[in-house]
Amino acid sequence: MDTRNEIREFLTSRRARITPEQAGLRTYGYNRRVPGLRREEVALLAGVSVDYYTRLERGNASGVSESVLEALARALQLDEAERAHLFDLARAAHTTTRARRPAKQRVRPSVQRLLDSMTNTAAFARNGRLDILAANQLGYALYSPVFDSLVSGNLRPANLARFIFLDDQSAQFYRDWDGIARQAVGSLRAEAGRAPYDRALTGLVGELSMRSREFRERWAAHDVEYYRSGVQPFHHPLAGDLDLDYDALEIPADPGQTIIAYSAEPGSAARDALHILASWAATHHQTDQLDTTHPADGHAPR
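What counts as what
Residues numbered from 1 in each chain as written. Predicted model: local features only at pLDDT ≥ 70, side-chain atom pairs only at ≥ 80, totals over all residues. Heavy atoms only, no water. Helix = DSSP H or I, 4+ residues; strand = E, 2+ residues; numbered from the N terminus. Buried < 20%, exposed > 50% of the residue type's maximum accessible area, 1.4 Å probe, protein only. Polar contact = N/O pair within 3.5 Å; in protein donor to acceptor, adjacent residues only side chain to side chain. Phe/Tyr/Trp six-rings, centres within 6.5 Å; stacked < 30°, edge-to-face > 60°. Lys NZ or Arg CZ within 6 Å of the ring centre and 35° of its normal. Core = buried A, V, L, I, M, F, W, Y, C linked by side-chain atoms within 4.5 Å. Contact = heavy atoms within 4.5 Å. Pairing = 2+ DSSP bridges. Axes fitted to C-alpha atoms, helices over the stretch in contact; angles between N-to-C directions. Salt bridge = Lys/Arg side-chain N within 4 Å of Asp/Glu carboxyl O.

So, about the side chain of Q257. Along the chain, Q257 falls in the loop between β4 (240-250) and β5 (258-263). For Q257, a relative accessible area of 5% gives the class buried. Separated by 3.1 Å, the side chain of Q257 and the backbone oxygen of R106 make a polar contact.

Listed below in structure tokens is the structure:
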């Protein structure tokens, strides 16, 4: 990733979405040639000189202090994810690390045991590139369309972003396709700020940009979002429609790895659907199950 360009595009896009009225500024009724705020207005709100902000927006973030970044976050009305992304971009601008291949990622046996202990919950562990590194039995059953996909599951590890944007079946599996597409792009954008020199991530973004117009347009918006908690509506080919609560649980000992757990209220239709999937999974061994003794970026047996 070109960090200077990322900073420039991010600040420009955030500035363009805020009107002077939203920022508490008066316009005095004259015509404006730019959408959103002008550079001088952002500088005024952040308490920095116009020249200094212009330098930042051109991607030159060397030496920028945390206090200035905080002031910019307030001026541009950034949310938590956007603020963290701005700080990540500024941090990356201070480094000279060259593009690198990602380290081989493995899910530790204790994490796999934790997944397997969630008997009434569909769960999997993923990394920041949205590769599924491991899952429990119910997780494989719920996400069988992803693992069975010729696009996302043919090579290990299965990748959620490839499934969402390159497999037409994703629009049936995710009933709120627009929402999951927005969150997938937002998650990848956040990861790009944290790991701008990850060659696998750069390759994934390049592949999706080449093959999916939808992804390309969403990526260009520079929106950042976290997939942390909420309700995910699915349509499973076996269990039908089910709305599941989801929670993201980060694994501090393994930076970048996150457990995504899907559960349902006892007695609900979604819980009944999970029971159907659990029964099916128990009687049909998951031949597509990942072998967690192999590197997550290699070819696991199918």
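Attention now moves to the packing of aromatic side chains. Enumeration over the complete set of coordinates arrives at 18 aromatic pairs. Judged by centre distance (5.6 Å) and plane angle (20°), the ring pair of F215 and W219 falls under stacked. Within this pair, F215 and its partner W219 are both found in helix α13 (residues 213-220), separated by 4 residues, close to a single helical turn. Since its relative accessible area comes to 10%, W219 is described here as buried. Grouping aromatic residues by their ring pairs yields a cluster made of F124, Y143, F163, F173, Y174, Y227, F234, Y246 and Y262. Its guanidinium or amino end placed over the ring of F87, R83 lies 4.5 Å from that ring's centre, counting from NZ or CZ. Taking NZ or CZ as reference, R189 lies 3.7 Å from the ring centre of W219, over its face.

Here we come to the nonpolar core. Counting 47 residues, the largest nonpolar core has L142, Y143, Y174, L188, F234, L244 and Y262 as its most contacted members. Ignoring any residue separated from it by four or fewer positions in sequence, one finds Y143 in contact with F124, I132, L160, F173, Y174, F234 and Y262. Counting residues in hydrophobic clusters, the runner-up holds 31 residues, among them Y53, A71, L86 and F87.

Looking at F215, the relative accessible area reads 0%, which means it is buried. Taking C-alpha positions, F215 is 9.1 Å from R182, a pair spaced 33 residues apart along the chain. Setting aside anything within four residues of it in sequence, one finds F215 in contact with F165, V185, L188, V205, L208 and S209.

Let's shift gears to the environment of D178. Checked against the element boundaries, D178 lands in helix α11 (residues 177-194). Residue D178 is classed as partly exposed on the basis of its relative accessible area, which comes to 43%. Once the C-alpha coordinates of D178 and I164 are considered, the two residues, 14 residues apart in sequence, prove to be 9.8 Å apart. One polar contact links D178 to R218, side chain to side chain, over a distance of 2.5 Å.

Another aspect to go through is the sheet that holds β5. Read from one edge to the other, the open sheet built from 5 strands follows the order β2-β1-β5-β4-β3, with strand pairing classed as antiparallel. Only two strands of the sheet have a single neighbouring strand rather than two, namely β2 (132-135) and β3 (229-236). Pairwise comparison of adjacent strand axes, ignoring direction, gives a mean angle of 30° for this sheet. For β4 and β5, the ladder comprises 6 bridges, and the chain directions are antiparallel. Bridge pairing in β5 places Y246 opposite Y262. Each of β1 (122-126), β2 and β5 touches helix α6 (residues 109-117); the most contacted strand, β2, lies at about 55° to it. Packing against the sheet, helix α14 (residues 269-283) makes contact with β3, β4 and β5, and its axis sits at approximately 85° to β4.

Moving on, we come to unusual backbone geometry. Positive phi outside glycine occurs at Q77, with the angle close to 55°. Structurally, Q77 can be placed in the loop between α4 (66-75) and α5 (80-93). In this structure, L130 is a non-glycine residue whose phi angle is positive, near 70°. Mapped onto the secondary structure, L130 falls in the loop between β1 and β2. Residue L130 is classed as buried on the basis of its relative accessible area, which comes to 4%.

This next bit is on the pattern of salt bridges. As enumerated under the stated definition, the model contains 20 salt bridges in all. Here E57 and R39 are joined by a salt bridge, their closest N and O atoms 2.9 Å apart. Taken together, the positions of E57 in helix α3 (residues 50-57) and R39 in helix α2 (residues 39-46) put the pair 18 residues apart, joining distant regions of the chain. Looking at E57, the relative accessible area reads 2%, which means it is buried. For D254, the salt bridge identified is with R108, shortest N-O distance 2.8 Å. With D254 in the loop between β4 and β5 and R108 in the loop between α5 and α6, this pair connects stretches of sequence that are 146 residues apart. What you see here is one network of salt bridges that share partners, running through R14, R17, E82 and D223.

It is worth stressing that arrangement in space is one thing and function is another; only the former is reported here.
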